[in-house]
Amino acid sequence: MKAPLRVAVTGAAGQIGYALLFRIASGAMFGPDQPVILQLIEAPIEKAMKALEGVAMELDDCAFPLLKGIVMTDDAHVGFKDANWCLLIGAKPRGPGMERADLLKDNGRIFIGQGKIIDAVAADDARIAVVGNPANTNCMIAASQAKRLPSDRFTAMVRLDQNRAQTQLAKKAGVDLTAVKDIFIYGNHSPSMFPAFAHATIDGKAAPDAITDSAWLQGPFCETVGKRGAAIIAARGASSAASAANALVDHVRDLMTPGAIHSIAVKSNGAYGFDANVWAGMPVRTTTPGAYEVITGYAMDAFAQSKLAATNKELVEERAFVAELIG
Ligand code: NAD
Ligand code: LMR
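All of the points below concern the structure found in this document. For clarity, every value in this text was computed on a predicted model and none was experimentally measured.

1. Focus on the pattern of salt bridges
Next, step 1: Counting across every chain of the model gives 14 salt bridges.
Next, step 2: Ionic pairing is found between D254 and R253, a salt bridge with its closest N-O pair at 3.4 Å.
Next, step 3: Note on R253: relative accessible area 30%, which makes it partly exposed.
Next, step 4: Among the charged side chains, a network of salt bridges with common partners joins R159, D250, R253 and D254.

Next up, the structure:
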(Lines give C-alpha, C1' and ligand atoms only; values in the text may rest on other atoms or scores of the structure.)
(Ligands and ions follow the chains in the order given, each with its own letter.)
Protein backbone atom coordinates (compact mmCIF):
# COMPACT_ATOMS: atom_id res chain seq x y z
CA MET A 1 0.00 0.00 0.00
CA LYS A 2 1.40 3.44 -1.00
CA ALA A 3 1.58 6.20 1.60
CA PRO A 4 -1.42 8.53 1.32
CA LEU A 5 -1.06 11.76 -0.64
CA ARG A 6 -2.26 14.84 1.19
CA VAL A 7 -4.53 16.84 -1.11
CA ALA A 8 -5.55 20.30 0.06
CA VAL A 9 -8.63 21.80 -1.61
CA THR A 10 -9.77 25.38 -1.06
CA GLY A 11 -13.40 26.31 -1.62
CA ALA A 12 -14.17 22.69 -0.81
CA ALA A 13 -17.84 23.32 -0.02
CA GLY A 14 -18.42 25.27 -3.24
CA GLN A 15 -19.92 24.01 -6.46
CA ILE A 16 -16.68 22.79 -8.04
CA GLY A 17 -15.59 21.30 -4.74
CA TYR A 18 -18.80 19.29 -4.55
CA ALA A 19 -18.22 17.86 -8.03
CA LEU A 20 -14.52 17.22 -7.39
CA LEU A 21 -13.96 15.68 -3.97
CA PHE A 22 -15.80 12.45 -4.67
CA ARG A 23 -13.72 11.87 -7.79
CA ILE A 24 -10.46 12.45 -5.95
CA ALA A 25 -11.56 10.07 -3.21
CA SER A 26 -12.63 7.45 -5.76
CA GLY A 27 -9.16 7.38 -7.37
CA ALA A 28 -9.96 9.25 -10.60
CA MET A 29 -7.26 11.86 -10.03
CA PHE A 30 -4.32 9.90 -8.59
CA GLY A 31 -5.12 6.35 -9.65
CA PRO A 32 -6.83 3.30 -8.18
CA ASP A 33 -3.93 2.34 -5.87
CA GLN A 34 -3.14 5.75 -4.41
CA PRO A 35 -4.69 6.52 -1.01
CA VAL A 36 -5.48 10.15 -0.23
CA ILE A 37 -6.11 12.38 2.75
CA LEU A 38 -8.37 15.31 1.89
CA GLN A 39 -7.53 18.59 3.63
CA LEU A 40 -10.59 20.73 3.03
CA ILE A 41 -10.29 24.47 3.43
CA GLU A 42 -13.22 26.88 3.48
CA ALA A 43 -13.69 30.56 4.15
CA PRO A 44 -14.24 31.41 7.84
CA ILE A 45 -18.00 31.75 7.33
CA GLU A 46 -20.39 29.72 9.47
CA LYS A 47 -22.58 28.71 6.54
CA ALA A 48 -19.60 27.53 4.49
CA MET A 49 -18.10 25.51 7.36
CA LYS A 50 -21.50 23.94 8.06
CA ALA A 51 -21.86 23.01 4.39
CA LEU A 52 -18.37 21.50 4.52
CA GLU A 53 -19.45 19.25 7.41
CA GLY A 54 -22.25 17.98 5.19
CA VAL A 55 -19.85 17.27 2.32
CA ALA A 56 -17.54 15.37 4.69
CA MET A 57 -20.51 13.33 5.95
CA GLU A 58 -21.30 12.38 2.34
CA LEU A 59 -17.68 11.46 1.69
CA ASP A 60 -17.82 9.17 4.74
CA ASP A 61 -21.04 7.67 3.46
CA CYS A 62 -19.39 6.69 0.17
CA ALA A 63 -17.01 4.34 2.05
CA PHE A 64 -14.23 5.04 -0.46
CA PRO A 65 -11.41 2.54 0.24
CA LEU A 66 -8.75 5.07 -0.85
CA LEU A 67 -9.91 7.87 1.47
CA LYS A 68 -7.72 7.67 4.56
CA GLY A 69 -8.71 10.88 6.31
CA ILE A 70 -10.55 14.19 6.07
CA VAL A 71 -9.38 17.46 7.62
CA MET A 72 -11.89 20.34 7.71
CA THR A 73 -10.65 23.78 8.50
CA ASP A 74 -10.98 27.51 7.90
CA ASP A 75 -7.29 27.96 8.81
CA ALA A 76 -5.09 27.73 5.73
CA HIS A 77 -2.04 26.92 7.93
CA VAL A 78 -3.79 23.74 9.01
CA GLY A 79 -5.26 22.97 5.60
CA PHE A 80 -2.03 23.27 3.60
CA LYS A 81 0.16 21.56 6.23
CA ASP A 82 2.33 18.93 4.53
CA ALA A 83 0.07 18.97 1.45
CA ASN A 84 1.51 17.26 -1.64
CA TRP A 85 -1.08 18.89 -3.88
CA CYS A 86 -2.83 22.21 -3.28
CA LEU A 87 -5.90 22.69 -5.44
CA LEU A 88 -6.85 26.35 -5.24
CA ILE A 89 -10.49 26.65 -6.19
CA GLY A 90 -11.88 28.93 -3.48
CA ALA A 91 -12.51 32.40 -4.82
CA LYS A 92 -15.35 34.74 -5.50
CA PRO A 93 -16.99 33.47 -8.71
CA ARG A 94 -18.05 35.73 -11.57
CA GLY A 95 -21.79 36.35 -11.72
CA PRO A 96 -23.96 37.35 -14.70
CA GLY A 97 -22.66 40.51 -16.40
CA MET A 98 -19.42 40.64 -14.38
CA GLU A 99 -16.06 40.83 -16.10
CA ARG A 100 -13.15 38.77 -14.88
CA ALA A 101 -11.14 41.93 -14.36
CA ASP A 102 -13.64 42.92 -11.63
CA LEU A 103 -12.45 39.91 -9.69
CA LEU A 104 -8.73 40.58 -10.05
CA LYS A 105 -8.16 42.59 -6.92
CA ASP A 106 -10.62 40.78 -4.61
CA ASN A 107 -9.31 37.37 -5.50
CA GLY A 108 -5.69 38.53 -5.79
CA ARG A 109 -5.60 39.18 -2.05
CA ILE A 110 -6.70 35.61 -1.33
CA PHE A 111 -3.90 34.20 -3.48
CA ILE A 112 -1.21 36.38 -1.88
CA GLY A 113 -2.07 34.90 1.51
CA GLN A 114 -2.39 31.36 0.27
CA GLY A 115 0.87 31.53 -1.71
CA LYS A 116 2.76 32.57 1.44
CA ILE A 117 1.19 29.90 3.62
CA ILE A 118 1.70 27.10 1.08
CA ASP A 119 5.33 28.07 0.77
CA ALA A 120 5.69 27.95 4.55
CA VAL A 121 3.86 24.73 5.44
CA ALA A 122 3.20 22.46 2.41
CA ALA A 123 5.31 19.38 1.64
CA ASP A 124 8.68 19.80 -0.09
CA ASP A 125 7.25 18.16 -3.21
CA ALA A 126 4.09 20.32 -3.17
CA ARG A 127 2.40 21.08 -6.47
CA ILE A 128 -0.19 23.79 -6.85
CA ALA A 129 -3.02 23.94 -9.39
CA VAL A 130 -5.11 27.11 -9.57
CA VAL A 131 -8.73 27.12 -10.76
CA GLY A 132 -10.19 30.19 -9.01
CA ASN A 133 -10.47 33.05 -11.50
CA PRO A 134 -8.73 34.90 -12.97
CA ALA A 135 -6.78 31.65 -12.79
CA ASN A 136 -3.59 32.58 -14.68
CA THR A 137 -2.99 35.78 -12.77
CA ASN A 138 -4.01 34.28 -9.43
CA CYS A 139 -1.43 31.56 -10.07
CA MET A 140 1.22 34.18 -10.84
CA ILE A 141 0.29 36.00 -7.62
CA ALA A 142 0.52 32.85 -5.48
CA ALA A 143 3.85 31.87 -7.06
CA SER A 144 5.21 35.37 -6.48
CA GLN A 145 4.97 34.77 -2.72
CA ALA A 146 6.97 31.53 -2.76
CA LYS A 147 10.61 31.48 -1.75
CA ARG A 148 11.03 27.75 -1.09
CA LEU A 149 8.87 26.18 -3.79
CA PRO A 150 10.02 26.79 -7.38
CA SER A 151 7.66 28.62 -9.71
CA ASP A 152 7.28 25.65 -12.08
CA ARG A 153 5.28 23.90 -9.32
CA PHE A 154 2.52 26.48 -9.78
CA THR A 155 0.19 25.78 -12.71
CA ALA A 156 -3.20 27.17 -13.67
CA MET A 157 -6.00 25.30 -15.39
CA VAL A 158 -6.79 25.74 -19.08
CA ARG A 159 -7.83 22.13 -19.48
CA LEU A 160 -11.52 22.95 -19.50
CA ASP A 161 -10.84 25.09 -22.57
CA GLN A 162 -8.92 22.25 -24.22
CA ASN A 163 -11.78 19.84 -23.54
CA ARG A 164 -14.30 22.34 -24.88
CA ALA A 165 -12.25 22.87 -28.04
CA GLN A 166 -11.89 19.13 -28.63
CA THR A 167 -15.64 18.66 -28.46
CA GLN A 168 -16.39 21.58 -30.78
CA LEU A 169 -13.95 20.27 -33.41
CA ALA A 170 -15.39 16.76 -33.20
CA LYS A 171 -18.95 18.05 -33.59
CA LYS A 172 -18.09 20.18 -36.60
CA ALA A 173 -16.17 17.35 -38.30
CA GLY A 174 -18.90 14.83 -37.42
CA VAL A 175 -16.41 12.43 -35.85
CA ASP A 176 -16.05 10.72 -32.52
CA LEU A 177 -14.40 12.91 -29.89
CA THR A 178 -11.44 10.54 -29.66
CA ALA A 179 -10.54 11.23 -33.30
CA VAL A 180 -9.48 14.78 -32.32
CA LYS A 181 -5.93 15.07 -31.00
CA ASP A 182 -3.38 17.76 -30.14
CA ILE A 183 -5.70 20.70 -29.67
CA PHE A 184 -3.85 22.99 -27.26
CA ILE A 185 -4.83 26.23 -25.54
CA TYR A 186 -2.51 29.21 -25.49
CA GLY A 187 -2.65 32.21 -23.19
CA ASN A 188 -5.24 33.33 -20.69
CA HIS A 189 -8.24 31.41 -19.38
CA SER A 190 -10.50 34.14 -20.74
CA PRO A 191 -12.19 34.95 -24.05
CA SER A 192 -8.77 36.01 -25.39
CA MET A 193 -7.39 32.45 -25.22
CA PHE A 194 -6.26 30.86 -28.44
CA PRO A 195 -7.23 27.25 -29.28
CA ALA A 196 -4.54 26.52 -31.88
CA PHE A 197 -6.63 24.55 -34.37
CA ALA A 198 -3.92 24.42 -37.07
CA HIS A 199 -1.88 21.91 -35.03
CA ALA A 200 -4.83 19.69 -34.11
CA THR A 201 -5.46 16.50 -36.01
CA ILE A 202 -8.77 14.85 -36.81
CA ASP A 203 -8.58 11.19 -37.74
CA GLY A 204 -4.87 11.77 -38.38
CA LYS A 205 -5.40 14.69 -40.79
CA ALA A 206 -4.51 18.31 -40.00
CA ALA A 207 -7.70 19.93 -38.64
CA PRO A 208 -7.79 22.62 -41.39
CA ASP A 209 -7.77 19.79 -43.97
CA ALA A 210 -10.54 17.90 -42.20
CA ILE A 211 -12.58 21.09 -41.59
CA THR A 212 -11.99 23.22 -44.67
CA ASP A 213 -14.23 26.05 -43.41
CA SER A 214 -11.42 28.35 -42.30
CA ALA A 215 -13.86 31.19 -41.54
CA TRP A 216 -15.51 28.89 -38.98
CA LEU A 217 -12.18 27.88 -37.44
CA GLN A 218 -11.01 31.48 -37.09
CA GLY A 219 -14.39 32.89 -36.08
CA PRO A 220 -17.17 30.87 -34.41
CA PHE A 221 -14.84 28.08 -33.22
CA CYS A 222 -12.47 30.42 -31.35
CA GLU A 223 -15.40 32.47 -30.05
CA THR A 224 -17.42 29.51 -28.84
CA VAL A 225 -14.46 28.10 -26.92
CA GLY A 226 -13.40 31.50 -25.58
CA LYS A 227 -16.88 32.52 -24.45
CA ARG A 228 -18.13 29.13 -23.29
CA GLY A 229 -17.76 30.04 -19.62
CA ALA A 230 -19.96 33.12 -20.08
CA ALA A 231 -22.52 31.09 -22.07
CA ILE A 232 -22.76 28.61 -19.19
CA ILE A 233 -23.16 31.41 -16.65
CA ALA A 234 -25.94 32.91 -18.79
CA ALA A 235 -27.70 29.55 -19.06
CA ARG A 236 -27.17 28.16 -15.56
CA GLY A 237 -27.02 31.39 -13.60
CA ALA A 238 -23.79 30.04 -12.12
CA SER A 239 -20.38 29.26 -13.47
CA SER A 240 -19.45 25.83 -14.80
CA ALA A 241 -18.83 23.40 -11.99
CA ALA A 242 -19.00 19.71 -12.97
CA SER A 243 -17.03 20.27 -16.17
CA ALA A 244 -14.50 22.42 -14.31
CA ALA A 245 -14.03 19.70 -11.69
CA ASN A 246 -13.66 17.13 -14.46
CA ALA A 247 -11.02 19.29 -16.16
CA LEU A 248 -9.07 19.57 -12.91
CA VAL A 249 -9.08 15.78 -12.62
CA ASP A 250 -7.65 15.69 -16.17
CA HIS A 251 -5.10 18.44 -15.41
CA VAL A 252 -3.66 16.72 -12.34
CA ARG A 253 -3.91 13.16 -13.68
CA ASP A 254 -2.03 14.12 -16.85
CA LEU A 255 0.57 16.01 -14.83
CA MET A 256 1.15 12.81 -12.85
CA THR A 257 1.41 10.65 -16.00
CA PRO A 258 4.82 10.69 -17.72
CA GLY A 259 4.45 11.09 -21.48
CA ALA A 260 1.05 12.81 -21.33
CA ILE A 261 0.77 15.84 -23.64
CA HIS A 262 -1.74 18.44 -22.56
CA SER A 263 -2.42 22.16 -22.06
CA ILE A 264 -1.62 23.85 -18.78
CA ALA A 265 -0.82 27.44 -17.89
CA VAL A 266 2.78 27.75 -16.73
CA LYS A 267 5.28 30.51 -16.10
CA SER A 268 6.40 31.85 -19.45
CA ASN A 269 10.05 31.83 -20.39
CA GLY A 270 9.31 33.69 -23.61
CA ALA A 271 8.10 30.71 -25.67
CA TYR A 272 5.49 31.61 -28.29
CA GLY A 273 6.16 35.31 -27.64
CA PHE A 274 4.62 35.40 -24.15
CA ASP A 275 6.16 37.91 -21.78
CA ALA A 276 8.45 36.37 -19.23
CA ASN A 277 6.72 35.94 -15.88
CA VAL A 278 3.13 35.75 -17.04
CA TRP A 279 1.38 32.40 -16.62
CA ALA A 280 0.20 31.38 -20.09
CA GLY A 281 -1.53 28.28 -21.40
CA MET A 282 0.67 26.18 -23.66
CA PRO A 283 1.31 22.56 -24.57
CA VAL A 284 3.47 20.55 -22.17
CA ARG A 285 4.76 17.01 -21.96
CA THR A 286 4.82 15.43 -18.52
CA THR A 287 8.35 14.16 -17.84
CA THR A 288 8.21 12.62 -14.36
CA PRO A 289 5.16 12.64 -12.07
CA GLY A 290 4.35 16.30 -11.39
CA ALA A 291 7.07 17.71 -13.71
CA TYR A 292 6.81 18.83 -17.32
CA GLU A 293 8.57 20.43 -20.24
CA VAL A 294 6.99 23.00 -22.52
CA ILE A 295 6.61 21.77 -26.08
CA THR A 296 8.12 24.49 -28.23
CA GLY A 297 8.51 24.79 -31.96
CA TYR A 298 4.91 24.78 -33.18
CA ALA A 299 4.93 27.20 -36.13
CA MET A 300 2.40 30.03 -35.84
CA ASP A 301 0.95 31.74 -38.91
CA ALA A 302 -0.07 35.41 -39.02
CA PHE A 303 -3.57 34.70 -37.65
CA ALA A 304 -2.18 32.65 -34.77
CA GLN A 305 0.44 35.28 -34.02
CA SER A 306 -2.19 38.00 -33.76
CA LYS A 307 -4.23 35.83 -31.36
CA LEU A 308 -1.15 35.08 -29.25
CA ALA A 309 -0.27 38.76 -29.11
CA ALA A 310 -3.80 39.66 -27.95
CA THR A 311 -3.94 37.10 -25.16
CA ASN A 312 -0.40 38.00 -24.06
CA LYS A 313 -1.41 41.68 -23.92
CA GLU A 314 -4.29 40.83 -21.62
CA LEU A 315 -2.02 38.80 -19.32
CA VAL A 316 0.49 41.64 -19.17
CA GLU A 317 -2.32 44.10 -18.34
CA GLU A 318 -3.62 41.83 -15.58
CA ARG A 319 -0.11 41.60 -14.16
CA ALA A 320 0.20 45.39 -14.18
CA PHE A 321 -3.20 45.69 -12.49
CA VAL A 322 -2.07 43.60 -9.51
CA ALA A 323 1.55 44.80 -9.40
CA GLU A 324 0.96 46.85 -6.26
CA LEU A 325 -0.56 43.82 -4.49
CA ILE A 326 2.47 41.68 -5.21
CA GLY A 327 4.85 44.36 -4.01
P1 NAD B 1 -18.55 28.71 -5.39
O2 NAD B 1 -18.92 30.10 -5.01
O3 NAD B 1 -19.60 27.68 -5.52
O4 NAD B 1 -17.49 28.17 -4.35
C5 NAD B 1 -16.40 28.90 -3.96
C6 NAD B 1 -16.10 28.49 -2.54
O7 NAD B 1 -14.88 29.10 -2.17
C8 NAD B 1 -17.17 28.96 -1.54
O9 NAD B 1 -17.61 27.84 -0.80
C10 NAD B 1 -16.43 29.97 -0.69
O11 NAD B 1 -16.87 29.96 0.66
C12 NAD B 1 -14.98 29.48 -0.82
N13 NAD B 1 -13.97 30.47 -0.54
C14 NAD B 1 -13.99 31.80 -0.82
N15 NAD B 1 -12.88 32.37 -0.36
C16 NAD B 1 -12.13 31.39 0.19
C17 NAD B 1 -10.87 31.36 0.83
N18 NAD B 1 -10.16 32.48 1.01
N19 NAD B 1 -10.39 30.17 1.28
C20 NAD B 1 -11.11 29.04 1.13
N21 NAD B 1 -12.33 29.01 0.56
C22 NAD B 1 -12.81 30.17 0.08
O23 NAD B 1 -17.67 28.82 -6.73
P24 NAD B 1 -17.29 27.66 -7.75
O25 NAD B 1 -18.36 27.54 -8.76
O26 NAD B 1 -16.86 26.45 -6.99
O27 NAD B 1 -16.05 28.36 -8.51
C28 NAD B 1 -14.83 28.59 -7.83
C29 NAD B 1 -13.88 29.38 -8.70
O30 NAD B 1 -13.53 28.65 -9.87
C31 NAD B 1 -14.42 30.71 -9.23
O32 NAD B 1 -13.39 31.67 -9.18
C33 NAD B 1 -14.77 30.41 -10.68
O34 NAD B 1 -14.77 31.58 -11.47
C35 NAD B 1 -13.63 29.51 -11.01
N36 NAD B 1 -13.78 28.69 -12.22
C37 NAD B 1 -12.66 28.49 -12.97
C38 NAD B 1 -12.73 27.70 -14.10
C39 NAD B 1 -11.49 27.45 -14.94
O40 NAD B 1 -11.60 26.79 -15.98
N41 NAD B 1 -10.30 27.92 -14.56
C42 NAD B 1 -13.94 27.12 -14.47
C43 NAD B 1 -15.05 27.33 -13.69
C44 NAD B 1 -14.96 28.11 -12.54
C1 LMR C 1 -15.52 28.88 -17.17
O2 LMR C 1 -14.67 28.89 -18.08
O3 LMR C 1 -16.54 28.16 -17.21
C4 LMR C 1 -15.36 29.81 -16.00
O5 LMR C 1 -14.02 30.19 -15.86
C6 LMR C 1 -16.25 30.98 -16.18
C7 LMR C 1 -16.14 31.95 -15.05
O8 LMR C 1 -15.80 33.11 -15.31
O9 LMR C 1 -16.37 31.56 -13.87
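Picking up where we left off.
2. Some details on the layout of surface pockets
Once rolled over the atoms, a probe with the size of a water molecule shows which space is left empty.
Next, step 1: Roughly 990 Å³ of volume is contained in the largest pocket.
Next, step 2: Lining of the largest pocket is provided by 47 residues; of these, I89, G90, A91, K92 and P93 occupy positions nearest its centre.
Next, step 3: Looking at the lining of the largest pocket, the elements with two or more residues in it are helix 1 (15-26), helix 2 (46-62), helix 4 (100-121), helix 6 (159-173) and helix 9 (228-236).
Next, step 4: When residues of the lining of the largest pocket are assigned to their parent elements, the largest contribution, four residues, is made by helix 4.
Next, step 5: Grouping the constituent residues of the lining of the largest pocket by class yields 23 nonpolar, 16 polar and eight charged.
Next, step 6: Taken domain by domain, the lining of the largest pocket gets at least three of its residues from each of domain 1 (5-156) and domain 2 (159-321).

Parameters and conventions
Residues numbered from 1 in each chain as written. Chains lettered and ligands numbered in written order. Predicted model: local features only at pLDDT ≥ 70, side-chain atom pairs only at ≥ 80, totals over all residues. Heavy atoms only, no water. Salt bridge = Lys/Arg side-chain N within 4 Å of Asp/Glu carboxyl O. Buried < 20%, exposed > 50% of the residue type's maximum accessible area, 1.4 Å probe, protein only. 1 Å grid on protein atoms, 1.4 Å probe; cavity = no way out; pocket = protein on both sides within 12 Å on 5 of 7 lines; lining within 4 Å. Points joined across faces, edges and corners; volume = space filled by probe spheres on them. Helix = DSSP H or I, 4+ residues; strand = E, 2+ residues; numbered from the N terminus. Nonpolar A, V, L, I, M, F, W, Y, C, P; charged D, E, K, R; others polar. Domains from an automatic or database assignment.

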